[in-house]
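Report on the structure
Letter by letter, the chains look like this.
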Amino acid sequence: MSLSFPLLLATPLIGGMLGGLLPAATPWQAPRAGSPAGALTESLSAPASASSSGAGSAPSSASSPASPPAEVVEHAARQRPGYWTPERMARATPLGLLADTVDALLAPSAVPRKARQTHRPSARSAGARWPSAGKVARTTGRVFLTIDKTDFVCSATTVPSASRDLVVTAGHCLMDPLLGWAENWTFVPGYDAGGKPYGVYTARRMFVPSAWSKRGDDSYDVGMAALNTAGGRHVADAVGVQRIAFTSQRGRQVYAFGYPADPPYDGGELVYCSGKPKPDPHKQTMDHGLRCDMTAGSSGGPWLTGFDPRTGEGTVTSVSSFKYGDDMKTMYGPHFGPPIRALYTKASRA
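These figures come from a predicted structure and were not determined experimentally. (Residues numbered from 1 in each chain as written. Predicted model: local features only at pLDDT ≥ 70, side-chain atom pairs only at ≥ 80, totals over all residues. Heavy atoms only, no water.)

1. What about the state of the cysteines?
Under the criterion given, the structure shown has two disulfides. Two residues, cysteine 273 and cysteine 292, share a disulfide whose sulfurs are 2.1 Å apart. With the S-S dihedral at roughly 70 degrees, the linkage between cysteine 273 and cysteine 292 falls on the right-handed side. One end of the pair, cysteine 273, is in strand β15 (residues 271-275); the other, cysteine 292, is in the loop between β17 (288-291) and β18 (302-308), with 19 residues separating them in the sequence. (Disulfide = S-S within 2.5 Å. Helix = DSSP H or I, 4+ residues; strand = E, 2+ residues; numbered from the N terminus.)

Structural data, given as structure tokens:
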């Protein structure tokens, strides 16, 4: 997930990515590439802690800005066998992206900088451990990845596909528009305090919208990964899937899930918030914002509409993406419109 701050606070973060030089007191990523002019972006990816339904869609009653061409960029994943030891997972560090800082310095603006992070229906802005089991406790998992020789974590969830191998996450959890694609991309469904009850699944192909890969457009900060089997089992057969929908009505009650890793969280357990999202007040993206205090590590976690807390089932209509620095209690996620449908169509056939 990413965080936004006023421009004056951005300067010390320049270079935070390439050298891993973020100050120890700064829990967020250095700014990401390609934010809207004047906005600085950080990822909600975070340091790792030591510790089958069909797709559907609903018509939208809300208008939105014109979408870019529904182009999709894909990549063959690279893995180093046995890379993710418990020690390496525990040593992972925050992901940072440089170009947004540069863009903002070239085009100053009063818009705050963005930073990545990530019962009965009711508003819950303080993230809490998910108190029950159900499908969501299996389908949601932690993601471990490497970009530019640095290790990071995110969140993701399984969705339907012909291969029974597909997960959805944030685009910045798959590739950095400046530094390229992630390596060693690994999904651990049902992760719990270091436990891997359903196995470990490595990526074989990764997909993001071209609007993300070319310019880091936060309105399209979505990615999908097709996974290898683990122990001969497809991930959907092991844990099930959540439905996914596109062009759904905005403002509906959602439950957001993820593995936040910055204080007061430690990344060891599944956390959730719930409420009704509202449009981006800065009008810098087509995203919608949910009152939620989840922190870095929750990036890519699913937003589920029509969620049933008894069964843990719902429909993925967004993923956790960023926060603005002047409002640490609101987490933003991209709207799943036609470009994300095109992304899903291509990835689900991989």
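From this point, the narrative continues.
2. A few points about the pairing of strand β11 (residues 201-209)
Sheet analysis places strand β2 (residues 72-76) next to β11, joined by five bridges and oriented antiparallel. Opposite histidine 75, over in β11, you have methionine 206 as the bridge partner. In terms of strand pairing, β11 meets strand β12 (residues 223-227) through four bridges, oriented antiparallel. Opposite arginine 205, over in β12, you have alanine 226 as the bridge partner. (Pairing = 2+ DSSP bridges.)

3. Some remarks on the packing of aromatic side chains
This model, assessed by the stated rule, comprises 17 aromatic pairs. Centroid distance phenylalanine 246 to phenylalanine 336: 6.2 Å. Interplanar angle 25 degrees. Geometry classified as stacked. Of the two residues, phenylalanine 246 sits in the loop between β13 (243-244) and β14 (254-258) while phenylalanine 336 sits in the loop between β21 (327-333) and α6 (338-347), which places them 90 residues apart along the sequence. The exposure classification of phenylalanine 246 matches that of phenylalanine 336, with both residues buried. Ring centres of tyrosine 255 and phenylalanine 257 lie 6.4 Å apart, and the angle between their planes is 20 degrees; on these two criteria the pair is classed as stacked. Each member of the pair, tyrosine 255 together with phenylalanine 257, is buried. Taking NZ or CZ as reference, arginine 142 lies 5.0 Å from the ring centre of tyrosine 191, over its face. (Phe/Tyr/Trp six-rings, centres within 6.5 Å; stacked < 30°, edge-to-face > 60°. Buried < 20%, exposed > 50% of the residue type's maximum accessible area, 1.4 Å probe, protein only. Lys NZ or Arg CZ within 6 Å of the ring centre and 35° of its normal.)

4. Brief notes about the nonpolar core
Among the nonpolar cores identified, the biggest contains 36 residues, and Trp130, Val168, Met224, Ile244, Phe257 and Phe336 are the most heavily contacted of them. Ranked by residues supplied to this core, first place goes to α6 with four residues. Methionine 224 has contacts with Leu166, Val167, Val168, Leu174, Arg205, Met206, Phe207, Ile244, Ile340, Leu343, Tyr344 and Ala347, leaving out every residue within four places of it along the chain. One finds Val167, Cys173, Met175 and Ala182 within the second-largest nonpolar core, a separate group that totals 27 residues. (Core = buried A, V, L, I, M, F, W, Y, C linked by side-chain atoms within 4.5 Å. Contact = heavy atoms within 4.5 Å.)

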